[in-house]
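Each chain, written out:
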Amino acid sequence: MQNSSEDGLKQVSHGRSAILGFQHLLAMYSGDVIVPLLIGTFLHLSAAQLTYLVSADIFMCGIATLLQLKRTPITGIGLPVVLGCAVQVVAPLKSIGGTLGLGYMYGAIIISGLFVFLISGLFSKIRKLFPPVVTGSLITIIGFSLVPVAFQDLGGGDAAAKSFGDANNLIIGFSTMAIIILINIFGKGFLKSISVLIGMACGTIIASMMGMISFASVAQASWLHFPEPFYFGVPKFDWSAIITMILVSLTTMVESTGVFLALSDITGRKISSKDLARGYRSEGIAAMLGGIFNTFPYSTFSENVGVVQLSGIKTKRPIYYAGFFLLLLGLLPKVGAFATVIPSPVLGGAMVVMFGMVGVQGIRILQQVNFNENSNLLIVAVSIGFGIGVTVYPGIFNALPQAAQIILNNGIVVGGFLAVVMNLAFQMLNKKD
């Protein structure tokens, strides 16, 4: 199903890169737009304010992505990554914005971004804590822990709705999935590379023919909107809000580490501690810019790892196009709104395949591990078990303090932490023997 590594690293033409970039944009667009919609609706923002929030968020996704692509002495992981707003910020930002106000919410985002920037060098030293048994477990967790999200979209998006699992939703979702799979089996060359884009386009057309698409969001969107610094007012600072967002930032750094390592393995480009530090710094700067322009913190999206894996195109040129498209859509809300008409089942069908591919990439890394050693079996079994378990039932830690819940409700962080700690513990025991 994959192009050869050599083919994947060849530079593709600008026209094809633009199409591949658009495929990356569609893969992340809905997942990113949902964050400002959830937070803005909860905080009772007006229609005009919500329009600004969505547009500015998309624009800043483009800025954050471009920051990561170009390697400088200070910033840029230099891998084909796409950045968006991390979904784990939704609950903490709702809490801060709802109790203290928008100014304190954005003040906490700015300080947490500065924190990430300052500790990037120190945090990058954890690279040695990620041998294949840990890396493989973490990437497997990242992929398979996202599958429930994909299935929720496959069923219609809202598990509590009466229409969830409706036959029309399943027909559209499974049709999208089938088209992607068939193109990967029978397609060749560039056609195979854009299987996700074709599958989503065909799924959307099928949904339109079934009367399941509304263009109301397009009609209501404005034509042009520029991001403005401090649109919702100047930032304010509160220690509890700042500490909360710093804890959230630590979880996103762990998750980004897993994505960096996954892309390193897929592209065959080894990354050093200095590379990781540049990647973290870029995310820190992106978060500070998010606070200044009154949007959100940004982290590397796991969704797009599956796109790289499926397309077999491992160069950065398509991601540059994706970044510029995000900037354009952020400035032209009416154009960007067209991407929001893609039904949830279409996204779900595509994501089942993409997230599954990320999980399989983790399994491929685990093939390097010696499972004749019982310790390795335990590390993989316990970390993946906890990672997926917490993802499905995050409420298991509801009795703990809120600060602990922020960290422990993230299955990727819990599974990754257990893999690192267990690996270190077994190493120490083996040295004593």
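This write-up is about the structure you can find in this document. (Residues numbered from 1 in each chain as written. Predicted model: local features only at pLDDT ≥ 70, side-chain atom pairs only at ≥ 80, totals over all residues. Heavy atoms only, no water.)

**Quick look at the overall build of the protein chain**
- A count of helical and extended segments in the protein chain gives 20 helices and two strands.
- Across the 433 residues in the protein chain, those meeting the buried criterion constitute 55%.
- Sequence-distant contacts in the protein chain: of pairs separated by 6 or more residues, those separated by 24 or more amount to 84%.
- For the protein chain, the exposed area adds up to about 18,000 Å²; of that, 68% sits on carbon and sulfur atoms. (Helix = DSSP H or I, 4+ residues; strand = E, 2+ residues; numbered from the N terminus. Buried < 20%, exposed > 50% of the residue type's maximum accessible area, 1.4 Å probe, protein only. Contact = heavy atoms within 4.5 Å. Areas by Shrake-Rupley, 256 points an atom, 1.4 Å probe, with all protein chains shown as cover.)

**Some thoughts on empty space enclosed by the protein**
- Throughout the structure, instances matching the rule amount to two cavities of 30 Å³ or more.
- By volume, the largest cavity is sized at about 120 Å³.
- Lining the largest cavity are 16 residues, and of these S249, T252, A287, P297 and Y298 lie nearest its centre.
- Elements with a contribution of two residues or more to the lining of the largest cavity: α5 (102-123), α12 (239-267), α13 (273-292) and β2 (298-300). (1 Å grid on protein atoms, 1.4 Å probe; cavity = no way out; pocket = protein on both sides within 12 Å on 5 of 7 lines; lining within 4 Å. Points joined across faces, edges and corners; volume = space filled by probe spheres on them.)

**Concerning the nonpolar core**
- Among the nonpolar cores identified, the biggest contains 113 residues, and I39, V89, L93, M200, M245, Y298 and M354 are the most heavily contacted of them.
- The greatest single-element share of this core, amounting to 13 residues, is contributed by α12.
- Not counting residues up to four positions away in its chain, the partners in contact with L93 are I39, G98, M105, I109, M245, F296 and P297. (Core = buried A, V, L, I, M, F, W, Y, C linked by side-chain atoms within 4.5 Å.)

**Here we look at the side chain of T140**
- By secondary structure assignment, the location of T140 is in helix α6 (residues 132-145).
- Relative accessible area serves as the criterion here: at 3%, T140 is assigned to the buried category.
- One polar contact links the side chain of T140 to the main-chain carbonyl oxygen of G136, over a distance of 2.7 Å.
- Excluding residues that lie within four positions of it along the chain, T140 makes contacts with G359, G362, I363, L366 and I384. (Polar contact = N/O pair within 3.5 Å; in protein donor to acceptor, adjacent residues only side chain to side chain.)

**Some words on the packing of α6 against helix α18 (residues 374-392)**
- Across the interface, α6 lies against α18 with an axial gap of 9 Å and an inter-helix angle of 25 degrees. In terms of their interaxial angle, α6 and α18 are classed as roughly parallel. Crossing geometry of α6 relative to α18 is assigned as right-handed. The residues of α18 that touch α6, namely those facing V133, S137, T140, I141, F144 and S145, are N376, I379, V380, S383, I384, G387, I388 and T391.
- For the contact of α6 with α18, the residue count by class is seven nonpolar, seven polar and no charged. (Axes fitted to C-alpha atoms, helices over the stretch in contact; angles between N-to-C directions. Parallel < 35°, antiparallel > 145°, perpendicular 65-115°, else oblique. Left-handed = near helix turned anticlockwise from the far one by under 90°. Nonpolar A, V, L, I, M, F, W, Y, C, P; charged D, E, K, R; others polar.)

**Quick word on the packing of aromatic side chains**
- Applying the stated rule across the entire model yields six aromatic pairs.
- Aromatic side chains F123 and Y280 sit 5.2 Å apart centroid to centroid with 85 degrees between the ring planes, which places their arrangement in the edge-to-face category. Linking F123 in helix α5 with Y280 in helix α13, this pair joins segments that are 157 residues apart in sequence. The same class applies to F123 and to Y280, which are both buried.
- For the ring pair Y321 and F325, a centre distance of 6.2 Å and an interplane angle of 45 degrees mean the geometry is tilted. Of this pair, Y321 and F325 both sit in helix α15 (residues 317-331), separated by four residues, roughly a single helical turn. (Phe/Tyr/Trp six-rings, centres within 6.5 Å; stacked < 30°, edge-to-face > 60°.)

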